[in-house]
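Geometric and topological summary
One letter stands for each residue in the lines below.
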Amino acid sequence: MTLNRLTHLQALEAESIEVLREVAASFERPVMMYSIGKDSSVLLHLARKAFYPSKIPFPLLHVDTTFKFKEMIAFRDQTAEDYGFDLIRHTNADGVRDGINPFDHGSSRYTDIMKTQALRQALNAGRYDAAIGGARRDEEKSRAKERVFSHRNASHAWDPKNQRPELWRVFNTRLNPGESMRVFPISNWTELDVWTYIYAENIPIVPLYFAKPRPVVERSGTLIMVDDDRLPLAPGETPRLETVRFRTLGCYPLTGAIRSEAADLPSIIMEMQASRTSEREGRLIDSDSVGSMEKKKQEGYF
Amino acid sequence: MISDLATPDTDLDLWLAQQTDKSLLRFLTCGSVDDGKSTLIGRLLYDSQLILDDQLASLRKESHNRTVGEEGIDFSLLVDGLAAEREQGITIDVAYRFFSTDKRKFIVADTPGHEQYTRNMATGASNADLALLLVDARKGLLTQTRRHSFILSLVGVKHVVLVVNKIDLVGYDQAVFDRIEADYRAFAKDLGFQTLAAVPVSALRGDNIVEKSERMPWFAGSPLVPYLEAIEVAQDRTQGAFRFPVQWVNRPNLDFRGFSGTVAWGRLTVGDDVLVAASRKPAKIARIVTMDGDLDSAIAGQAVTLVLDREIDVSRGDVLAHPGSVPDYSNQFQARLIWMNDEPAFQGRSYLLKIGAQVMPATITDIKFRTNVNTLEQAAANKLDLNEVGTVTIATDRPLAFDAYTTNPLTGGFILIDRLSNATLGAGTIEFGLRRAQNLTYQSFDVDRQVRAKMKGQEAQIVWFTGLSGSGKSTIANLLEKRLTAEGRHCYILDGDNVRHGLNKDLGFTEAARVENIRRVAEVAKLMADAGLIVLVSFISPFENERRLAREIAGDIRFTEVYVDTPLEVAEARDPKGLYKRARAGEIKNFTGLDSPFERPGNPELVLHGGTHEPEALADELYGWLKI
């Protein structure tokens, strides 16, 4: 069969592979962020393709806040075993020592310490000069502004008003000592592209994306899954089983479930097409204030 | 409505196939500040039902106290994603937005209008197929309209739609639209756009966006979205000359050595002959490897790993091509350059140049001219300031493989990087190589007489001594050679002794043989000068015609004719080899000055008077005259 034109997904895939290879060829100590979600699953799949038959030539880093869904952790460990990549797990030990949690300290302080600070610790400890992430430009307004190769100063901060020009596919990968690069290979993918790719390539994802009866409590209109007994229940509050699923995954106390019957990929794609809300609606940490993502990114968040 | 929602009763695979078959159009919006670029994109997203309920709710909240349309929304808030942008109501950097209709998928780059952020506009334009160039109907063409048009042309955007926005604010007046369109067509006629359409719209009110506006019955063209859905911009990249820039050497174990990269142009099939552009080393394609299995062929845009049939030296930055259509390979080229830094571009300054996967030091050797973005006129310049565009020549520390940007943007576009701060300073598009290398072998292409002579620290040249036997030619030439050699120059003397006994021993002393003698000596002198030497030729060369021939053979090599003018009596009195004596005795026939004439040079560069001065003084005089 003679191929004359790449499909939309084939073109996106090839672009992402090119970016991943450029990272491997240009940096001394790259690392790939692995958040276990669907975007990370796609990123991992692309990295396997980019370097085949070699193994992925850099480690994967998971910042474990200790409040991830149990199914995420199980999926992470199984995936690492199946594909044999080098997995680095990092938890902010100071935060654990101080008992930082989203209930007593608020979502924004918890996120800062257990995610942003933890990430900076891990990046400093590994002396990584490039960190690959699965962020997409269609997710959020400040992400829509970011370069594929996004420069960070020595304190991991993004200067959105002074980004390097990025022409064609010629990426400036050069850094001064202490500086680093955040690299986003799937910048130009949409949420729909991600799901259709997962479907077309049969990529394994965490089962939490599929609808199933799960124990939830409803707080201010958000369904929170009771994943373990650390979630404090208000007097009289009892978890009830509801058929729900998740559009995005993170820390279980901060991630809203949606009521859904979509138990397989075709149903999820259909459901998403009919949806009138964005995927980040379920993320409690992004909606604190207008521009909150930009602020977090300037502080070093992905 | 331009939505494409799947319904639950649609067959998913059929629907996915339709999605897959859709083509993708990447376009940008550009134009001057306040021409309504962000509002237009917001309108496109809103009309394609891509603004979701939670986003809409937060937009309505933020739109308070702003200019809003009938929907109660300030659409620009959808794309201005940075806090500073929302505060100042301007766009600083490119925002990328995604939408699709039944017919097409779109990626939009919303680029800033302020001159200060032109580099961000260039960033957005560099990956776009088409540009929406916005003009405020009340203001007409502005400097930024022209600047952006020129940059579109520079980075090779071939399709432009002139969007005359805010037409509602001039009462939907056709005369205003017609005048702006005519002005723009006149300005853009030399910018090389393949298609240019003009549409009058109101992004705020939705006129001529999705559907034809009833308020402008005079407009016969297509509304914006249907135009974007229909226009054919695809350039068939599979048809051109094959280019494969090697990005990463794939070596999982001793048994596998592959070259990973993306096919930049053309098509490749297993079994094809390829060449490494730099070394010209040949190989055949043994395998095209992907994780999904080996392929028989690969086309432009595919990311693959190539395995060759033999071990040749290939590394990151090398470009593979088919024999017969290899890229240019040179260390000098002419390019158009857009400067993106506050610190100007200067002639002679060293930068890092990146093109494809090749990175190397490079110098701007000449700024030929700067182009005025308003008038497109060219003016002399010795530097390029921020946002200025010029035509320059660039020399790299070692040769690189490239194509003209108009032939292949992926192997013809480069960036310049600051060697200290590592900032991206400028972007350029190669026009042509300054040394034609395609048809020559790698080893010989750029080593010429100048290069060889420069290695010796001298100018290659020929000094041709003419005069009677015994006039002192060889003595002076020897003294000059000693002096130059002592100074580290590389000289060689050609005279009767070392030529007549070898190269020319078959020649006698007839007139024809004398002519041939001089011709051969002149050719040898030329070869030696071509090797970078200073050649001192000491021959009687009595005939004006032969000396002229020698000068012609030398061509562009510096040629100094030195006439050692020594009277016959003096020469014959010296008679260092006893030749005059033998000639007078009749043992030698056709002896110059006796029974064969010496034609005095009509126009020698220098005359040395051998009868009245010592050879040392004459050698000094010649040395001073030559200024070697």
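What you see is a predicted model, and the numbers here were worked out from it, not measured in a lab.

Scoring rules and cut-offs
Residues numbered from 1 in each chain as written. Chains lettered and ligands numbered in written order. Predicted model: local features only at pLDDT ≥ 70, side-chain atom pairs only at ≥ 80, totals over all residues. Heavy atoms only, no water. Helix = DSSP H or I, 4+ residues; strand = E, 2+ residues; numbered from the N terminus. Pairing = 2+ DSSP bridges. Right-handed = clockwise from strand over helix to strand, strands pointing away. Axes fitted to C-alpha atoms, helices over the stretch in contact; angles between N-to-C directions. Contact = heavy atoms within 4.5 Å. Core = buried A, V, L, I, M, F, W, Y, C linked by side-chain atoms within 4.5 Å. Buried < 20%, exposed > 50% of the residue type's maximum accessible area, 1.4 Å probe, protein only.

1. Looking at the environment of B:Asp328
- By the secondary structure assignment, B:Asp328 is in strand β16 (residues 328-339).
- Expressed as a C-alpha distance, the spacing of B:Asp328 and B:Leu400, which sit 72 residues apart in the sequence, is 8.0 Å.

2. Structural notes on the pairing of strand β3 (residues 87-90) of chain A
Residues and elements named next belong to chain A.
- In the sheet, strand β2 (residues 60-63) pairs with β3 via 4 bridges, with the strands oriented parallel. Paired with Leu 61 across the strands is Ile 88, a residue of β3.
- Remark: the β2/helix α3 (residues 70-83)/β3 crossover connection has right-handed handedness.

3. Thoughts on the sheet that holds strand β11 (residues 273-276) of chain B
- Taken in spatial order, the 7 strands of this open sheet run β7-β15-β11-β12-β14-β9-β8 (chain B), and their pairing is antiparallel. Both edges of this open sheet fall to β7 (243-245) and β8 (248-253) of chain B, since each of them pairs with a single strand only. Neighbour-to-neighbour, the strand axes of this sheet turn through a mean angle of 40°, independent of strand direction.
- Both β8(B) and strand β9 (residues 256-262) of chain B contribute to a ladder of 4 bridges, which runs antiparallel. Paired with B:Trp248 across the two strands is B:Ser260, which belongs to β9(B).
- Set on the sheet, helix α1 (residues 8-26) of chain A makes contact with β8, β9 and β14 (303-308) of chain B; between it and β14(B) the angle comes to about 60°.

4. Overview of the nonpolar core
- If you look at the biggest cluster of nonpolar residues, it comprises 78 residues, and the most contacted ones within it are A:Leu20, A:Met32, A:Val42, A:Phe149, A:Trp189 and A:Trp195.
- Considering each element in turn, this core owes the most residues, 8 residues, to α1(A).
- Not counting the four nearest positions on each side in its chain, A:Trp195 is found in contact with A:Lys38, A:Ile205, A:Tyr209, A:Leu265, A:Ile268, A:Ile269 and A:Met272.
- Core analysis: the next-biggest nonpolar cluster, separate from the first, contains 76 residues, B:Phe98, B:Val155, B:Leu191 and B:Tyr405 among them.

5. A short note on the pairing of strand β5 (residues 159-165) of chain B
All names here are of chain B.
- With respect to burial, β5 is a largely interior element, 7 of its 7 residues being buried.
- Burial of β5 is two-sided: the residues His 159, Val 161, Val 163 and Asn 165 facing one way and the residues Val 160, Leu 162 and Val 164 facing the other way are all buried.
- Taken together, the 7 bridges between strand β4 (residues 130-136) and β5 define a ladder with parallel strand orientation. Across the sheet, Val 135 pairs through a bridge with Val 164, a residue of β5.

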